[in-house]
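# Descriptive structure summary
Spelled out, the chains give:
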Amino acid sequence: MSSNAAEAISDSDVRRIIAGGDLEALEGLFDHLWYALPGRFGEDVIALVSALPPHVLQERPRLLHLVFLAYQAGAAAPEAAYRFLTLYTRTSERFARTLRTYTGFEDFVTASVVAMVGSQMRGDLEEARRIGAWAERRQRAFRGAADSPLLSGSGRARPGWFSTQRGVVETLAGDWDAAMAHYGRAYAEGALPPYGHFAAANAAANLALLAAYQGHHALAALWLRRAEGIGELPDWLRPLSMQGASIAHALLAIDRGDRRTAARHLKRAGDPASPAPLWPFVAYARGVYDAVFGQSHAGLVRLEAASFSHGRELGAETTIANRLLSRARASLLIPLGEGNKVIDIGRRFAGTPHLAVPHATVLLRSGSTRAARRIAAAALAHDELPVGDLIGLHLIIAVACLQEGDTQQAAEHFRRAVLSRHEPTMARPFLILTREELERLSVLAGIQPLIGPDWLPRSAQVPVPTVIRLTRREREVLDALLAGHTAKSAAELFGVAPTTTRSQIRSLYKKLGVSTRQDALARAAELGLAGAGAAERPGKHGRSRAAPPRR
């Protein structure tokens with residue numbers, strides 16, 4: 001980090017500039033004081049700007065962002081803050097279209113970040129990425145760009161801010177290699193306190209989060225020390241800038257089984273339903289906490305509230321938000337015995353490894369050892385698995401081999417699981433084992449996994465999920481019933497006698513534990529079976545095979 005040799009500015013100087021309405025001087029103050037200005041003088045700034053025509057903010061990116069931060073700092077009522085957020089988001093779209101017109105470096109950088117943030121808030125991460133990449137190339141066209149905060153920390157305004165925001169976008173887009181590169185550069189670009197270190201602290205906190213999620217405990221601890229030792233942050237800013245650090249602390253504590261510490265840091269991380277960029281990670285950490293510490297019912301309610309609040313930001317099923325939420329949901333469903341729902345989620349995300357552990361766990365515990373082993377082995381072929389998943393997948397194969405009588409392979413995979421731990425404190429992945437399995441595998445492998453005594457009582461209570469297996473034809477019959485078919489019209493659809501279809505319906509009812517059509521449909525929806533079969537496979541003319549025939 002570089003030095004920051006800016007001169008001190010007195011409060012009286014700040015108030016004089018604000019009272020005089022000198023917008024250019026106010027922007028210069030913002031360049032120097034950065035987050036300290038809206039926190040200490042937010043009410044004064046809002047009072048000044050409220051008397052200005054709206055087009056003034058649309059033409060002055062730094063002033064717009066200063067007012068946005070003043071609202072974030074709590075300098076106005078929530079209703080007013082919400083109205084300004086709408087203006088901020090709308091103006092960010094204008095900035096995205098007019099970036100080429102800015103001739104001042106600081107205005108250009110600010111307009112670029114505001115445009116990125118606006119696209120991110122609208123859920124258009126690809127647009128945010130394009131803006132960031134283009135703006136980075138464009139900055140080199142400015143005279144003195146070699147001294148910009150993008151490329152170094154040599155006294156420009158808001159050092160490290162642009163790189164940190166690019167890191168946030170890449171984090172949410174799922175390119176964590178790019179995210180870590182941007183965060184690392186932001187940390188290097190940062191200057192010293194009292195005003196140059198804000199982005200560097202944010203970047204270090206987010207690096208700690210990514211390391212903790214991946215299961216790299218020592219690396220996460222290193223970045224946590226750097227984030228927390230870099231310098232003081234304004235009280236209003238700390239929860240936002242250090243949210244990544246709070247999530248990282250919580251994940252590390254959950255892995256250790258430290259419930260009290262995890263709960264304390266989750267409280268600091270905030271409500272996952274709130275509009276913070278890292279909300280998917282908050283929701284995930286909260287879901288894992290609830291699943292591990294026996295609060296699955298309440299955890300599902302909280303998870304659904306977060307998902308509902310951010311619905312427009314979820315995007316495609318492959319986004320980080322959807323991956324994190326689906327993993328948390330699957331983890332919460334397993335203790336509740338909802339095996340079919342977990343399998344349904346796993347099928348919807350087939351081909352990606354992030355749901356392999358819960359999916360294979362349900363299959364293993366419901367007796368499908370070969371299917372569990374196959375899913376786990378396929379997931380192990382992927383690179384860059386989180387350490388916890390790597391351990392869990394080896395444990396699933398170890399138990400499957402144990403049940404199949406292959407003690408040599410069971411011991412080998414258990415040994416790999418234990419040796420994959422970077423830290424002996426990582427005990428959470430071993431919760432998928434029963435106490436008996438843990439003891440037997442330890443003996444076979446000649447390794448003691450050193451799981452803390454607080455975990456052992458829980459490891460003896462592995463839930464057995466409810467899984468109802470339907471034949472292919474039973475799935476097709478269920479889909480036909482869901483589509484509104486009668487037994488007779490379903491028989492016509494399948495080209496069989498009505499008596500055959502009625503027999504299949506009776507078999508379906510028996511497996512579902514019901515006696516009527518309506519109860520069967522309700523039970524199928526509860527189990528996640530609805531729509532999981534033939535209705536998803538189009539017929540020759542593009543319609544669902546289970547669609548009622550036209551009369």
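Our subject is the structure listed above.
Okay, the overall build of the protein chain next. Along the protein chain, the regular secondary structure elements total 30 helices and zero strands. Looking at the protein chain as a whole, 55% of its 551 residues qualify as buried. In the protein chain, once contacts between residues fewer than 6 apart in sequence are set aside, the share between residues at least 24 apart is 68%. When the accessible surface of the protein chain is summed, it comes to about 24,200 Å², and 52% of that surface belongs to carbon and sulfur atoms.

At a closest axis distance of 7 Å, the pairing of helix α7 (residues 105-121) and helix α8 (residues 125-139) adopts a crossing angle of 165°. With respect to α8, the axis of α7 lies roughly antiparallel. α8 is crossed by α7, and the crossing has left-handed handedness. Residues F105, F108, V109, S112, A115, M116, S119 and Q120 of α7 touch α8, and the partners they reach there are L125, E127, A128, I131, G132, W134, A135, R138 and Q139. Split into classes, the residues belonging to the contact of α7 with α8 amount to 10 nonpolar, five polar and two charged.

L26, L37, F84, I247, F414 and L433 are the most contacted members of the largest nonpolar core, which totals 161 residues. In terms of residue count, the dominant contributor to this core is helix α11 (residues 198-213) (14 residues). With sequence-adjacent residues up to four places away left out, I247 is seen in contact with L209, A269, L278, F281, V282 and A285. The next biggest cluster of nonpolar side chains, apart from the first, holds 19 residues, and it includes L470, V477, A490 and L529.

Let us look at the packing of helix α21 (residues 356-365) against helix α22 (residues 369-380). Where α21 contacts α22, the axes come no closer than 7 Å and their chain directions differ by 165°. Taken together, the axes of α21 and α22 lie roughly antiparallel to each other. For the element pair α21 and α22, the recorded crossing hand is left-handed. Between α21, through A356, H359, A360, L363 and L364, and α22, the contact on the second element is made entirely by T369, A371, A372, I375, A376 and A379. A breakdown of the residues in the contact of α21 with α22 according to their chemical character gives nine nonpolar, two polar and no charged.

Side chains that differ in sign of charge can pair as their charged atoms come close. In the structure shown here, the tally under the stated rule is 28 salt bridges. Taking the shortest distance from any N to any O, the salt bridge between R416 and E412 comes out at 3.0 Å. Residue R416 and its partner E412 are both found in helix α24 (residues 407-419); the two are separated by four residues, about one turn of the helix. The exposure class of E412 is partly exposed, given its relative accessible area of 26%. Between K511 and E474 there is a salt bridge, with the nearest N and O atoms lying 2.8 Å from each other. On the criterion of sequence distance, the pair formed by K511 in helix α29 (residues 498-512) and E474 in helix α27 (residues 472-482) is long-range, its members being 37 residues apart. You can call K511 partly exposed: its relative accessible area is 34%. Note on E474: relative accessible area 6%, which makes it buried. Counted as one network, the salt bridges with shared partners bring together E27, D31, R60, R62, D107 and R158.

For W279, the location among the structural elements is in helix α16 (residues 279-292). For W279, a relative accessible area of 3% translates into the label buried. For the pair formed by W279 and A269, sequence separation is 10 residues and the distance between their alpha carbons is 8.9 Å. For W279, the side chain forms a polar contact with the side chain of H310, separated by 3.4 Å.

Cut-off values and rules
- Residues numbered from 1 in each chain as written.
- Predicted model: local features only at pLDDT ≥ 70, side-chain atom pairs only at ≥ 80, totals over all residues.
- Heavy atoms only, no water.
- Helix = DSSP H or I, 4+ residues; strand = E, 2+ residues; numbered from the N terminus.
- Buried < 20%, exposed > 50% of the residue type's maximum accessible area, 1.4 Å probe, protein only.
- Contact = heavy atoms within 4.5 Å.
- Areas by Shrake-Rupley, 256 points an atom, 1.4 Å probe, with all protein chains shown as cover.
- Axes fitted to C-alpha atoms, helices over the stretch in contact; angles between N-to-C directions.
- Parallel < 35°, antiparallel > 145°, perpendicular 65-115°, else oblique.
- Left-handed = near helix turned anticlockwise from the far one by under 90°.
- Nonpolar A, V, L, I, M, F, W, Y, C, P; charged D, E, K, R; others polar.
- Core = buried A, V, L, I, M, F, W, Y, C linked by side-chain atoms within 4.5 Å.
- Salt bridge = Lys/Arg side-chain N within 4 Å of Asp/Glu carboxyl O.
- Polar contact = N/O pair within 3.5 Å; in protein donor to acceptor, adjacent residues only side chain to side chain.

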